[in-house]
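Structure at a glance
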Amino acid sequence: MSDIATTTAESPARSPLAAEVARRRTFAIISHPDAGKTTLTEKLLLFGGAINLAGQVKAKGERRNTRSDWMKIERERGISVVTSVMTFEFEGLVFNLLDTPGHEDFSEDTYRTLTAVDSAVMVIDAAKGIEARTRKLFEVCRLRDIPIITFINKMDRESRDVFELLDEIEKTLALDTTPMTWPVGRGRDFLGTYDVVNGGVRLLEGGGAKTGAAQQIEIEELAKLSANLDVSAVKDELELVTAASKPFELAAFREGHLTPVYFGSALRNFGVGDLLEGLGKFAPEPRAQDSDQRKVEATDPRMSAFVFKIQANMDPNHRDRIAFARLCSGKLSRGMKAKLVRTGKSMPLSSPQFFFAQDRSVADEAFAGDVVGIPNHGTLRIGDTLTEGEDFNFVGVPSFAPEIVRRVRLTDAMKAKKLKEALQQMSEEGVVQVFRPRDGAPALVGVVGALQLDVLKARLDAEYSLPVEFEVSEFQLARWVSSEDRKKLDTFIAANTSSIADDVDGDPVYLARNEFYLGYTKERAEGIEFTNVKDVK
Ligand code: G4P
């Protein structure tokens, strides 16, 4: 990996901006709960931790305070919401790890987070193989052509047959696999991994956590380490793996057709170094992003970014919000002014924040690929584009049609205005979607996962003193409606007023009692498009 860092950072052909961009690897971890994402994250941060600490000693005291405040709020709220991004450096590269929320609910947040990464690590529990949530998240990655590196975890325990696991990845995900390492011994007799590319075995005991070839030993020597190991069978297996595996092809990986596979144990910090090395070597640099005007290259010197997540009320006394923005091009410097394209207004970026593990610190500069937190009081919304003056909007940050629609019932009718404001804020943050019926009926909220309703209730109570209940509404489904023919859309809306609502941006939504009604309406609504995903702009 150091080769890559050296060439990217020092290549004379590259501008300083291009060199900085080339150092970035922005990724997420996708997995089913319990596969080991948290453990792996901790171990990855360990690799970067020493470097950060060494370089940040001065700011440490201050950062500690920030961190404890941050955690306290999270504890008080009782909802695990923070740590959306963790930045660490390793061997000359800057890794931005974007966290995907851990709960099992289908979550819009998770999907939006995946719009902000360039690659993903898929963690699989060796005893379980591909599980439901991994599969769902994988499908989102595929839609966006996000390359995947696979980490098969918990090799220190009884696992399923390894060939079978690879076969399952190939068949269920239609993804070619290239094992980069191969486990030697299984379960209790797991000794380490064979380096399929360079040869040699890295042992679980003694130095497995480090990268590099220094701790490798030859297969023949394994007999001395474990009486249970049939060395000739291991040799046969490794010969088979080497001969039968598809060679690793960078292009196929980058296009999302092939995944390099690493084996290890996050708990024992084994194989994590190999994985990190693989990320550094193979994972793409910040990619060009699509906008409604042009493709924006990461090395374009003009700063641009989009907001993919809003974290509100970090401090409940000051309605502050942090908008998490992914830089898509250029360099962001503290104090610079950015144009918020949606409103056309300029906003100063006076204290953009960086996140090191669970700490935050003010960022003086950030480059394409980085994620910064921008404190604001409600100016920024999910999907917003920030530029250095240009007029374009990034596309592809999705909003999903809710699977659950409810009417909010307020116990204190005097607070209707306050509720309206609170719901507006919550919808701008992406906590829920709010639909305002055109016929003046009370607002409906829509969520994709049931947990979102609990979060909404808890937050309305804690932050706005608004105790609410949710009532089943006559409507169960919501679809955005549009048409290339403005007149047709107007006619459709006029004919269905009692089923039309406006979303947070004022875009029309058709509310249906059930699938049958939806189907019935669709059949008769010629020229009208019903969509269950909306590009947030
Ligand atoms: P998640 O974020 O994907 O949900 O998984 P997490 O890291 O929390 O790991 C889930 C459980 O699996 C934890 O055990 C963790 O210690 C264990 N685990 C993770 N990686 C490995 C591994 O490589 N080998 C083995 N043997 N176990 C692993 P737990 O008992 O649920 O929690 P804890 O009490 O140990 O923290």
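Scroll up to find the structure.
Position numbers for residues count from 1 along each chain, tracking the sequence in the order it is written. Per-residue local features of the predicted model are confined to residues with pLDDT of at least 70, and side-chain atom pairs are confined, for both listing and counting, to 80 or more; whole-chain, interface and lining totals are unaffected and use all residues.

So, the overall build of the chain
For clarity, the cut-off: We count a stretch as a helix when DSSP gives it H or I for four or more residues in a row; a strand needs E for two or more, and each element gets its number in order from the N terminus. Partly exposed residues are those falling between the two cut-offs: more than 12 but fewer than 20 other C-beta atoms within 10 Å of their own, whereas 20 or more means buried and 12 or fewer means exposed, with C-beta atoms placed from the backbone. Distance between backbone-placed C-beta atoms decides contact: two residues are in contact if it is within 7 Å.
Per the secondary structure count, the chain includes 15 helices and 33 strands. Sorting the 537 residues of the chain into buried and exposed places 42% on the buried side. Sequence separation of at least 24 residues holds for 70% of the intrachain contacts in the chain that already meet a minimum separation of 6.

Details of the site of the ligand
Cut-off, in case you're wondering: Each residue gets a C-beta atom placed from its backbone. Should that atom fall within 6 Å of a molecule or strand, the residue is termed near it. Charged residues are taken to be Asp, Glu, Lys and Arg, nonpolar residues to be Ala, Val, Leu, Ile, Met, Phe, Trp, Tyr, Cys and Pro, and polar residues to be all remaining types, Gly included.
G36, K37, T38, T39 and L267 are the nearest of the 16 residues found near the ligand. It is helix 3 (residues 37-56) that contributes the most residues to the shell around the ligand, three residues altogether. Residues that form the shell around the ligand fall into these classes: four nonpolar, seven polar and five charged.

Let's talk about helix 13 (residues 450-464)
Spelled out, the test is: A helix is expected to reach a length of 1.5 Å times the quantity of its residues less one. Along the arc lie the directions from the helix axis toward the C-beta atoms.
Its 15 residues give helix 13 an end-to-end C-alpha distance of 21 Å, which sits within 8% of 21 Å, the value for a rise of 1.5 Å per residue. Every buried residue belonging to helix 13 is among Q452, L456, R459, L460 and Y464, and all of these are buried. Projection of helix 13 onto a plane perpendicular to its axis shows the buried side chains occupying an angular sector of 105 degrees, all on one side. Opposite the packed face of helix 13, turned more than 90 degrees from it, sit the exposed residues A450 and D461. Tucked inside the fold, the buried residues of helix 13 contact helix 12 (416-429), strand 27 (444-447) and strand 28 (468-472). Positioned one or two residues after helix 13, S465 has a phi angle of 50 degrees, which is positive.

Let's talk about unusual backbone geometry
The phi dihedral of D34 is positive, around 85 degrees, even though this residue is not glycine. With respect to the helices and strands, the residue D34 is situated in the loop between strand 1 (24-31) and helix 3. For D34, a count of 12 C-beta atoms within 10 Å corresponds to the exposed category. In this structure, K154 is a non-glycine residue whose phi angle is positive, near 65 degrees. With respect to the secondary-structure elements, K154 resides in the loop between strand 5 (148-153) and helix 7 (162-173). On the basis of neighbour counts, which here come to 25 C-beta atoms within 10 Å, the residue K154 falls in the buried class.

Concerning the sheet that holds strand 3 (residues 93-98)
Test applied: Whether two strands pair comes down to DSSP finding at least two bridges between them. Axis geometry follows a simple rule: fit a line to the C-alpha atoms, using only the stretch in contact for helices, then measure angles between N-to-C directions, giving values from 0 to 180 degrees.
Strands sit in the order 2-3-1-4-5-11-6 across an open sheet of seven strands; the sheet is mixed. Taken across any chain shown, the strands that pair with only one partner, and hence form the sheet edges, are strand 2 (85-90) and strand 6 (176-179). Put simply, the sheet's adjacent strands are angled 30 degrees from each other on average, direction ignored. Inspection of the sheet shows strand 6 paired to strand 11 (residues 258-263) by four bridges, in the parallel sense. The residue of strand 11 that forms the bridge with D176 is L258. Contacts between helix 6 (residues 132-143) and the sheet are confined to strand 1, strand 4 (119-125) and strand 5, with strand 1 contributing the most and set at about 145 degrees to the helix.

Overview of the nonpolar core
Test applied: Nonpolar cores are identified as sets of buried Ala, Val, Leu, Ile, Met, Phe, Trp, Tyr and Cys residues joined via C-beta atoms within 7 Å. Domain delimitation in this document rests on an assignment produced automatically or drawn from a domain database.
If you look at the biggest cluster of nonpolar residues, it comprises 92 residues, and the most contacted ones within it are A120, V121, V307, A325 and L327. Looking at this core, you find at least three residues from each of domain 1 (29-81 + 105-111 + 118-282) and domain 2 (289-387). With residues near it in sequence (within four places) discarded, A120 still touches F27, A28, I29, I30, C141, I146 and I148.

Let's talk about the pairing of strand 8 (residues 192-195)
Note that strand 7 (residues 181-184) and strand 8 share four bridges and pair antiparallel. Considered in strand 8, the bridge of P183 is made with T193. Relative to strand 9 (residues 201-203), strand 8 is paired through three bridges, and the arrangement is antiparallel. Within strand 9, the residue paired with G192 across the bridge is L203. Here strand 8 folds back onto strand 9 in antiparallel fashion, the turn holding five residues, of which G199 has a positive phi close to 80 degrees.

Notes on helix 12
Here helix 12 is 14 residues long and its end C-alpha atoms lie 20 Å apart, about the 20 Å a rise of 1.5 Å per residue gives. Within helix 12, burial applies to A422, L423, Q425, M426, S427, E428 and E429. Its buried side turned inward, helix 12 meets strand 14 (304-312), strand 15 (321-329), strand 26 (433-437), strand 27 and helix 13. Of the residues one or two after helix 12, G430 is the one with positive phi, at around 85 degrees.

Remarks on the sheet that holds strand 31 (residues 508-512)
The eight strands lie next to each other as 28-25-27-26-30-31-29-32, forming an open sheet whose pairing is antiparallel. Only two strands of the sheet have a single neighbouring strand rather than two, namely strand 28 and strand 32 (529-531). Adjacent strand axes in the sheet meet at a mean angle of 40 degrees, parallel and antiparallel pairs treated alike. Relative to strand 32, strand 29 (residues 477-482) runs antiparallel, the two sharing three bridges. Pairing of S482 across the sheet is with E529, part of strand 32. Where helix 15 (residues 515-524) meets the sheet, its contacts fall on strand 29, strand 31 and strand 32, and the angle it forms with strand 31 comes to roughly 125 degrees.

A few points about the environment of V196
Along the polypeptide, V196 turns up in the loop between strand 8 and strand 9. Of the residues examined, V196 has 18 C-beta atoms within 10 Å and is grouped as partly exposed. The spatial distance from the C-alpha of V196 to the C-alpha of N393 is 44 Å, given a sequence separation of 197 residues. If we ignore the near neighbours within four places in the chain, the residues touching V196 are P179, M180, T181, W182, V241, T242 and S245.

Side note on the environment of R409
Take R409: it is sitting in strand 25 (residues 404-410). Each C-alpha atom of the pair R409 and P301 lies 50 Å from the other, and the pair is 108 residues apart in sequence.

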